[in-house]
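Commentary on secondary and tertiary structure
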Amino acid sequence: MTADIWMLLTILVLACFVGYFVVWGVTPALHSPLMSVSNAVSGVVIVGALITAGTPEMSTHKILGLIAVVLASINIFGGFAVSQRMLAMFKKKKRSHEEKK
Amino acid sequence: MNTAYVSATYLLSCVLFILSIRGLASPETARRGNILGMLGMASAILVTIYSPVVGEYAWLFGAIAVGGIIGTWFALKVKMTALPQMIAAFNGLGGLSSVFIAAAEIISGSQTRLESSLGLLIGAVAFSGSVVAFAKLQGLMSPKAIIFPGQQLLNLILGLSVAALCVFFILSGRNDLFYILAGISVLLGFLLVLPIGGADMPVVISVLNAYSGWAAVGIGFSLNNVLLIIVGAIVGASGTILSYIMTKAMNRSLTSVMLGGFGAETHQSAKGGGEEKTAKAGNPQDAAFIMENASKVIIVPGYGTAVAQAQHVLKELAGDLRSLYDVDVKFAIHPVAGRMPGHMNVLLAEAGVPYEDIYALEEINREFASADVAYVIGANDITNPLARTDPNAPIYGMPILEVEKAKTVFFVKRSLASGYAGVENPLFFADNTIMLYGDAKKVTEEIVGTLERK
């Protein structure tokens, strides 16, 4: 267990560095989508929720897990769908020298 | 399915999530990035359900379906103007999810009390903080800073008792302490966001976003799950960096934002006494005349643009000036304009303004000197020159859009009232400023009408 915790801490610190560099690379124009994408991605706690709720017999433990699954799925589906809507608006458009009305 | 497959799939998911954020480096790759994120999530979920530690499927799929339908429905139905509160709401639910997982771990007698408490604590603060942020953004409660005497002391006491409870709980393992800890953390989240007012919302939303990531890290440690740790760290880094960018764009420290109170009292800064100043008022027809004879116009949108839903008519304005009068039109966006990071960019994208026409603060500032017109619509503090000249002003040191360098500055505002920071804007009384009083959308519509009539 003690060896494990050091491995997990190592992973955590390295992941922080990855996050740092990747996030600084995001263009400021897309900061809103960054929030909603990272928000959706943080819904990955659903993995924990599924493990908790995955016990075969019904118990308080399982019920709490199932609630967590529902909440995290709202976060995930909602987050990705909102991001997709937002990003669809950032499609490259030909600057329209639009016709006179 | 054996555990090696599970680990390999988690690794794949991590890579996909990193690529999804990486995709946001440019609008061209962003949608592909989002799809990679969905793939990463789908594989993580499926491999977990079919992993050896999970022994039941029906309830799990049912729960995912329920959450998925609710989430998708809201996401597709929400108006683009309600995005900030939508993101706050989703964020809060993610935090609450961590709370339930931590609680389930604890009642099943898990020994990872430190990790579970961290997941619980951060998740609970993210949840209740997001609820308050949502209520403020949705207009369910006053967006102003809510301050009462002894507030900071109370928060300090609550913060310390949370820390103390954590320690007692970890040492004793008494579950009742865990529930009290949950309760106080929720209360703390409410109280932390109450004193933070409207224009500081971009910071708050970023901080809460970071919390939901760090909560996932806590849960990851408690379940020994590498995927949660990696992804949580990346989300945490993202929220933290956004908070940093936002506070820097206001020249404030994170502590001063979180302690709140900004804009609660009107600041009597070193303003030159009571002499009567007069602002020049103009009408949309004058503005149209000046703009059509200009060679370069820079449009500066602020939160008022979002409130008045003026983004579509702004696009028309830009299009008409360009096509009918051959004017060079650019949009200038301050990092903290609006209620969330990048709010104005989304708004203009919604109206169909090409992103090549939109410039960030440092790209556009030198161009104001060569611009004939700066059209400031629904913005105030982010253009206030006191930020550079008056060390006593609360906004001193905040980088501003230097609109005063343009030959003519139009301010579209309802009144001469101070902005969020409670600082009077001397620009309203400058010789080259013309005020256009009224609703941002109506005023711009009239300008467009005049431009098109000729």
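Quick caveat: nothing in here was measured; it's all calculated off a predicted structure. (Residues numbered from 1 in each chain as written. Chains lettered and ligands numbered in written order. Predicted model: local features only at pLDDT ≥ 70, side-chain atom pairs only at ≥ 80, totals over all residues. Heavy atoms only, no water.)

The next subject is the pairing of strand β2 (residues 328–333) of chain B. Residues and elements named next belong to chain B. Burial within β2 is extensive, with 5 of its 6 residues counted as buried. Direction of pairing for strand β1 (residues 296–301) relative to β2: parallel, over a ladder of 4 bridges. Among the inter-strand pairings, V297 is bridged to a residue of β2, identified as V329. Viewed along the sheet, the connection from β2 through helix α14 (residues 343–351) into strand β3 (residues 358–360) turns out right-handed. (Buried < 20%, exposed > 50% of the residue type's maximum accessible area, 1.4 Å probe, protein only. Helix = DSSP H or I, 4+ residues; strand = E, 2+ residues; numbered from the N terminus. Pairing = 2+ DSSP bridges. Right-handed = clockwise from strand over helix to strand, strands pointing away.)

Put simply, the second largest pocket is a space of about 590 Å³. Lining the second largest pocket we find 24 residues, and of these P28(A), H31(A), P335(B), A360(B) and E362(B) sit closest to its centre. When contributions to the lining of the second largest pocket are tallied by element, the ones reaching two or more residues are α1 (2–24) of chain A together with α9 (226–249), β3 and α15 (361–364) of chain B. The element best represented in the lining of the second largest pocket is α9(B), accounting for 4 residues. Formed jointly, the lining of the second largest pocket draws a minimum of three residues from each of two domains, domain 2 (82–264) and domain 3 (284–453) of chain B. (1 Å grid on protein atoms, 1.4 Å probe; cavity = no way out; pocket = protein on both sides within 12 Å on 5 of 7 lines; lining within 4 Å. Points joined across faces, edges and corners; volume = space filled by probe spheres on them. Domains from an automatic or database assignment.)

All names here are of chain A. Interhelical geometry of helix α2 (residues 31–42) versus helix α4 (residues 60–88) gives an angle of 155° and a closest axis separation of 7 Å. Accordingly, the angle class assigned to the pair α2 and α4 is roughly antiparallel. Here the hand of the crossing between α2 and α4 comes out left-handed. The segment α2 lies against α4, with S32, P33, S36, V37, N39, A40, V41 and S42 engaging N75, I76, G79, F80, V82, S83, M86 and L87. Per-class residue counts for the contact of α2 with α4 are 9 nonpolar, 7 polar and no charged. (Axes fitted to C-alpha atoms, helices over the stretch in contact; angles between N-to-C directions. Parallel < 35°, antiparallel > 145°, perpendicular 65-115°, else oblique. Left-handed = near helix turned anticlockwise from the far one by under 90°. Contact = heavy atoms within 4.5 Å. Nonpolar A, V, L, I, M, F, W, Y, C, P; charged D, E, K, R; others polar.)

Now for the domain arrangement of chain B. Along its sequence, chain B is organised into domain 1 (1–72), domain 2 (82–264) and domain 3 (284–453). Each of domain 1 of chain B and domain 3 of chain B has a C-alpha centre, and these two points are 42 Å apart.

Moving on, we get to the interface of chain A and chain B. Residue-level contacts link 87 residues of chain A with 106 residues of chain B. Linking chain A with chain B are 1 salt bridge, by the criterion used here. Put simply, E56(B) and K62(A) hold a salt bridge, and the shortest N to O gap is 2.8 Å. There are 15 residue pairs in polar contact (both at pLDDT 80 or more) connecting chain A and chain B. Going through the elements one at a time, α1, α2, α3 (46–53) and α4 of chain A are the ones with two or more residues in the side of chain A that touches chain B. (Salt bridge = Lys/Arg side-chain N within 4 Å of Asp/Glu carboxyl O. Polar contact = N/O pair within 3.5 Å; in protein donor to acceptor, adjacent residues only side chain to side chain.)

Turning to the environment of E316(B), a few remarks are in order. Take E316(B): it is sitting in helix α13 (residues 311–325). For the pair E316(B) and I382(B), spaced 66 residues apart in sequence, the C-alpha separation works out to 24 Å.

Our focus in this paragraph is the side chain of N365(B). Residue and element names in this part refer to chain B. Structurally, the position occupied by N365 is in the loop between α15 and β4 (373–377). Taking the relative accessible area as the measure of exposure, N365 reaches 13% and is therefore buried. Only 3.0 Å separates the side chain of N365 from the backbone oxygen of I400, close enough to count as a polar contact. One polar contact links the side chain of N365 to the main-chain amide nitrogen of E402, over a distance of 2.8 Å. Other than its neighbours up to four places away in sequence, N365 contacts I400, L401 and E402.

Let us now look at the packing of aromatic side chains. All names here are of chain B. Inspection of every chain in the model, using the stated rule, returns 10 aromatic pairs over all chains. Seen in terms of ring centroids, F169 and F178 are 5.2 Å apart; in terms of plane orientation they differ by 45°. Their pairing is tilted. By relative accessible area, F178 is classed as buried at 1%. In this arrangement the basic side chain of K330 is found over the ring face of Y359, its NZ or CZ atom lying 5.1 Å from the centre. A cation over an aromatic ring shows up here: R339 above the ring of Y303, its NZ or CZ 3.6 Å from the ring centre. (Phe/Tyr/Trp six-rings, centres within 6.5 Å; stacked < 30°, edge-to-face > 60°. Lys NZ or Arg CZ within 6 Å of the ring centre and 35° of its normal.)

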